[in-house]
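A closer look at the structure
Here are the chains, one letter per residue:
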Amino acid sequence: QVQLVESGGGLVQPGGSLRLSCAASGFTFSNYAMYWYHQAPGKEREFVATIHNIGFPTTYADSVKGRFTISRDNAKNAVYLQMNSLKPEDTAVYYCNRPGAPVSYWGQGTQVTVSS
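Scope of this entry: the structure provided in the associated data block. Note that the coordinates shown come from a computational prediction; the quantities given were computed from them, not determined experimentally. (Residues numbered from 1 in each chain as written. Predicted model: local features only at pLDDT ≥ 70, side-chain atom pairs only at ≥ 80, totals over all residues. Heavy atoms only, no water.)

With that settled, the discussion passes to the environment of Ser104. Structurally, Ser104 is set in the loop between strand S9 (92–98) and strand S10 (105–106). Classification of Ser104 as partly exposed rests on a relative accessible area of 32%. Placed 27 residues apart in sequence, Ser104 and Asn77 show a C-alpha to C-alpha distance of 17 Å. Sequence-distant contacts of Ser104, defined by excluding residues within four places in its chain, comprise Asn97, Arg98 and Pro99. Reaching out from Ser104, the side chain makes a polar contact with the side chain of Asn97 at a distance of 2.8 Å. Only 3.4 Å separates the side chain of Ser104 from the backbone oxygen of Arg98, close enough to count as a polar contact. (Helix = DSSP H or I, 4+ residues; strand = E, 2+ residues; numbered from the N terminus. Buried < 20%, exposed > 50% of the residue type's maximum accessible area, 1.4 Å probe, protein only. Contact = heavy atoms within 4.5 Å. Polar contact = N/O pair within 3.5 Å; in protein donor to acceptor, adjacent residues only side chain to side chain.)

Our next topic: the sheet that holds strand S7 (residues 68–73). The strand order S1-S3-S8-S7 describes an open sheet built from 4 strands, whose pairing is antiparallel. Two strands close off the open sheet at either side, each with one partner strand: strand S1 (3–7) and S7. Sheet twist, expressed as the mean angle between neighbouring strand axes with direction ignored, is 15°. In this sheet, strand S3 (residues 18–25) lies alongside S1 in antiparallel orientation, the contact comprising 5 bridges. Across the sheet, the residue bridging to Gln3 is Ser25, located in S3. (Pairing = 2+ DSSP bridges. Axes fitted to C-alpha atoms, helices over the stretch in contact; angles between N-to-C directions.)

Have a look at this one:
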């Protein structure tokens, strides 16, 4: 079955960097665009970035443009989110998503906390 497993979250100081990974299995990874979302406490889950199945184009939320970079390795069935210049407002659980109809798949999430 489809599985998405995120990793790489943690506690980082403002201005720091983290690289999130999402390992995918159970489907033909190279056929799908992939997405990152985040959800802060008490807020709705929000779009962060997406990458098409061949690695481009990419699209970002305005709040992360110029700081975050999404990438993928179709040989490894993985999608990544490089997060630089992190801000306290980036604190959230970050989720990997594979879109689909009628079912969209989500990972379990990885916590990112930006705090001094």
